[in-house]
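A closer look at the structure
Residue-level listing of the chains:
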Amino acid sequence: MGGNRIQVDAFNRVSDHEGVYVLGDAAAMITPETPRGYPMMAPVAIQQGQQLAANLIRNQKGQSWKPFKYLDKGTMATIGRNRAVVNFWGQTFHGIVAWLMWMFVHIMYLVGFRNKVATLMGWVYNYLTYDRALRLIIRPFARSKSTKVYHEV
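Residues numbered from 1 in each chain as written. Predicted model: local features only at pLDDT ≥ 70, side-chain atom pairs only at ≥ 80, totals over all residues. Heavy atoms only, no water.

Counting secondary structure elements, the protein contains 3 helices and 5 strands. Listing the helices and strands of the protein from first to last along the sequence gives β-β-α-β-β-β-α-α. A total of 153 residues make up the protein; the buried ones form 18% of that total. A separation of at least 24 residues holds for 30% of the contacts in the protein among residues at least 6 apart in sequence. For the protein, the accessible area works out to roughly 12,400 Å², and carbon and sulfur atoms hold 59% of it. (Helix = DSSP H or I, 4+ residues; strand = E, 2+ residues; numbered from the N terminus. Buried < 20%, exposed > 50% of the residue type's maximum accessible area, 1.4 Å probe, protein only. Contact = heavy atoms within 4.5 Å. Areas by Shrake-Rupley, 256 points an atom, 1.4 Å probe, with all protein chains shown as cover.)

Residues of the protein with pLDDT of at least 70 account for 86%, and the chain-wide mean is 87. When mean pLDDT is compared element by element in the protein, helix 1 (residues 42-60) scores highest at 95, while strand 3 (residues 75-80) scores lowest at 87. (pLDDT = per-residue confidence, 0-100.)

A few words now on the side chain of R5. By the element assignment, R5 lies in the segment before strand 1 (6-8). At 6.7 Å, D25 is the nearest oppositely charged side chain to R5, a buried residue that forms no salt bridge. A distance of 3.4 Å separates the side chain of R5 from the backbone oxygen of D25, its partner in a polar contact. Of the polar contacts made by the side chain of R5, one reaches the backbone oxygen of R36; its length is 3.4 Å. Excluding residues within four positions of it along the chain, R5 makes contact with D25, A26, A27, A28, R36, G37, Y38 and M40. (Lys, Arg positive; Asp, Glu negative; His and termini not counted. Salt bridge = Lys/Arg side-chain N within 4 Å of Asp/Glu carboxyl O. Polar contact = N/O pair within 3.5 Å; in protein donor to acceptor, adjacent residues only side chain to side chain.)

Here it is as structure tokens:
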């Protein structure tokens, strides 16, 4: 299986392993409709987790399980300032329209009004000032005296 994914059935169960489930990027649910498995994206993993949780609850109630079926809500990617690509419902958008759509969707998925406003204000500030956050984690590094480094020549 490409990408070292684990093959699962329609309920995200691993064959021959009772009570073992695999979701998201690690799962390969091979069907006639998806011969290469579902895409390795967060929406697939979220929906798989929701379906598995519902099935486990159904199991406790003695009800039969429902197989997983992915609902593709579309794909979005931002590729720079005022540039993005959005594809949903068979329509493709690009440029500033897609970029604004990307921003709107990401704001709507944030929890709480304060988080939404703070994120939007941060984006507006960065947009107006051309400020780009460094996005690096830098910490001091001290090599212990017992560690030897060998260089090949």
